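An overview of the molecular structure
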Amino acid sequence: MLILALETSCDETAAAVVEDGVHVRSNVIASSSEAFTRSGGVIPEEAARKQIECVLPVIDQALSQAGIMKQDLDAIAVTRGPGLLGSLLVGTVTARAIGTLWKIPVVGVHHLLGHLSSTWLESDPDDLPVFPLLALTASGGHTELWLRASQTRGQLLGRTRDDAAGEAFDKGAGLLGLPYPGGPSIAAAAESGDPKKFPFPLPLIKEDTLDFSFSGLKTALRYTIRDLNLSPESVMVSKLVLSGVEGSNHDLAASYQHALCAHLSDRLKRALDRHPEIREVHLVGGVSANRLLRLMAAQSCTDRTLRFPKRLSYCTDNAAMIAAAAEFMIQESGIPENDWETEASLPLTSAIQSS
Ligand code: KG4
Ligand code: ZN
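Residues numbered from 1 in each chain as written. Chains lettered and ligands numbered in written order. Predicted model: local features only at pLDDT ≥ 70, side-chain atom pairs only at ≥ 80, totals over all residues. Heavy atoms only, no water.

Read across the sheet, six strands follow the order β10-β9-β6-β7-β8-β11 without closing on themselves; strand pairing throughout is mixed. The outermost strands of the open sheet, each flanked by one partner alone, are β10 (305-307) and β11 (353-354). Two elements, strand β6 (residues 133-138) and strand β9 (residues 280-284), share four bridges in a ladder whose sense is parallel. Within β9, the residue paired with leucine 136 across the bridge is leucine 283. (Pairing = 2+ DSSP bridges. Helix = DSSP H or I, 4+ residues; strand = E, 2+ residues; numbered from the N terminus.)

The structure is reproduced here in structure tokens:
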């Protein structure tokens, strides 16, 4: 099948054409994240206004880069939630309008089911992922551990009790005076820092749980900055990074990143201890772009196949993953009814049946 997908759940306007859920024929993203570098986060109304301007040109570009015409398409897929309501509506209203005009079915996709499908993109047909598998979704809004039995069946093993992993990177970056999004800027500042300089405690270490908690680490970072008496100017790591100056800021960034990644990989290890039959582990979502996390996860997943998206652009929000998720939904249960709604808070249990 050839599927055109739209993804507009946060600050990006993305369109892609994917064949059979694996072959990415085009993947176009217009992001307004640079506009939010100073505000430290996305301003919802501004994001939606930019998306209204971008959505039709981005679709045109995706179709022309894929070298196809609208009549070649089998379906249109679109993120229906969760996310920022105004942004989501730009995508779903556009998808429904062009679906009606072009007489093509429109499939509403859960954003996280998209992330979970991102490990299939550009996979070699002889080396496709195999169920059952353990999947960690770590993004700006979610941190969940899933035991997946198929594309649409699985069991939620653990989730964050407070902030999401990406949110912890973004808020930590704010405390350190680093630009948004925090993940890449903390990773860059950490490169010349000592990850052992500030040993932050692992969260929930004494509890027998696969849940996550990040707010304590963020508070620990805040207190460490206070105790070091770092003035707001001196925590402007971004300036120091640019001028190549070494200092405790880099050590703070490195230690904080290490603590976040240690917590995430510790949960993977615990989950595999409980489910030794699982032979395959997937890391998805924006935080799966993190190199240290990939290294530490590999240590937790010895003898298992560890997969993450084939490109960094498939880790962060993109439309190709939404097309892949729609393809697999259709393969498992046919074209779904067009009776879905756009929802800002949509639990993944609405898209994955418990197994
Ligand atoms: O999946 P995503 O693009 O959007 C959501 O669905 O939320 O994830 C965005 C999050 C942001 O919090 C960003 O800081 C984080 O992913 N991120 C990273 C890296 N690249 C993006 N976190 C850690 N290391 C990275 N290299
Ligand atoms: Zn996402």
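From this point on, the discussion continues.
Turning to the pattern of salt bridges, a few remarks are in order. What the rule picks out here adds up to 19 salt bridges. The salt bridge involving lysine 171 is made with aspartate 163; its shortest N-O contact spans 3.2 Å. Taking relative accessible area as the criterion, lysine 171 reaches 33% and is therefore assigned partly exposed. When its relative accessible area of 8% is taken as the criterion, aspartate 163 is described as buried. Sharing partners across several salt bridges, the network here consists of Asp163, Glu167, Lys171 and Lys218. (Salt bridge = Lys/Arg side-chain N within 4 Å of Asp/Glu carboxyl O. Buried < 20%, exposed > 50% of the residue type's maximum accessible area, 1.4 Å probe, protein only.)

Each protein donor to the zinc ion (ligand 2) is listed here as His111 (NE2), His115 (NE2) and Asp317 (OD); together their distances run 2.0 to 2.1 Å. Each donor residue of the zinc ion (ligand 2) belongs to the same chain, and together they define the spacing H-x3-H-x201-D. Taken as a pair, histidine 111 and histidine 115 lie in helix α3 (residues 111-117) at a separation of four residues, close to a single helical turn. Residue histidine 111 is classed as buried on the basis of its relative accessible area, which comes to 6%. (Donors = N, O, S within 2.8 Å, 3.2 Å for Na, K, Ca; no water.)

Looking now at the packing of aromatic side chains. Considering all chains together, one arrives at four aromatic pairs under this definition. With 6.3 Å between their ring centres and 10 degrees between their planes, phenylalanine 212 and phenylalanine 214 make a pair best called stacked. The exposure class assigned to phenylalanine 212 is buried, which follows from its relative accessible area of 0%. Relative accessible area serves as the criterion here: at 0%, phenylalanine 214 is assigned to the buried category. Three or more aromatic residues link up through ring pairs in this structure, and these residues are Trp120, Phe131 and Phe328. For the cation-ring pair, arginine 96 lies above tryptophan 340, with the distance from its terminal atom to the ring centre recorded as 3.7 Å. Across from the ring centre of phenylalanine 308, 3.8 Å away, lies the NZ or CZ of arginine 294, which sits over that ring. (Phe/Tyr/Trp six-rings, centres within 6.5 Å; stacked < 30°, edge-to-face > 60°. Lys NZ or Arg CZ within 6 Å of the ring centre and 35° of its normal.)

This part takes up the domain arrangement of the chain. Along its sequence, the chain is carved into domain 1 (2-123 + 312-354) and domain 2 (133-307). A straight line from the C-alpha centre of domain 1 to that of domain 2 covers 26 Å. Contacts between domain 1 and domain 2 engage 28 residues on the former and 24 residues on the latter. Summed over both partners, the interface of domain 1 with domain 2 comes to about 2,200 Å²; 66% of that surface belongs to carbon and sulfur atoms. In this assembly, domain 1 and domain 2 are joined by zero salt bridges. Applying the counting criterion to the domain 1 and domain 2 interface returns seven residue pairs in polar contact (both at pLDDT 80 or more). Those elements that provide at least two residues to the side of domain 1 that touches domain 2 are α3, α10 (320-333) and β11. (Domains from an automatic or database assignment. Contact = heavy atoms within 4.5 Å. Buried area = accessible area lost by both parts, 1.4 Å probe. Polar contact = N/O pair within 3.5 Å; in protein donor to acceptor, adjacent residues only side chain to side chain.)

Here the amide bond leading from phenylalanine 131 into proline 132 is cis, since omega sits at -5 degrees, within 30 degrees of zero. Assignment of secondary structure puts proline 132 in the loop between α3 and β6. Residue proline 181 follows tyrosine 180 across a cis peptide bond; omega there is -5 degrees. Note that proline 181 resides in the loop between α4 (165-175) and α5 (182-190). Of note in the backbone geometry, aspartate 20 takes a positive phi value of approximately 55 degrees without being a glycine. Here aspartate 20 lies in the loop between β2 (12-19) and β3 (23-31). Despite not being glycine, leucine 204 shows a phi value in the positive range, around 50 degrees.

The subject of this paragraph is the packing of α4 against helix α6 (residues 215-227). Following both chains from N to C, one finds α4 and α6 inclined at 10 degrees, their axes separated by 10 Å at the closest point. Relative to α6, the element α4 is oriented roughly parallel. Of α6, the residues touching α4 (which contributes Lys171, Gly172 and Leu175) are Lys218, Leu221, Arg222 and Ile225. (Axes fitted to C-alpha atoms, helices over the stretch in contact; angles between N-to-C directions. Parallel < 35°, antiparallel > 145°, perpendicular 65-115°, else oblique.)

Below, the discussion takes up the pairing of strand β4 (residues 75-81). Within β4, seven of the seven residues are buried, which leaves the element mostly enclosed by the surrounding structure. The parallel pair β4 and strand β5 (residues 106-110) is bridged by helix α2 (residues 85-102), and the resulting crossover is right-handed. (Right-handed = clockwise from strand over helix to strand, strands pointing away.)

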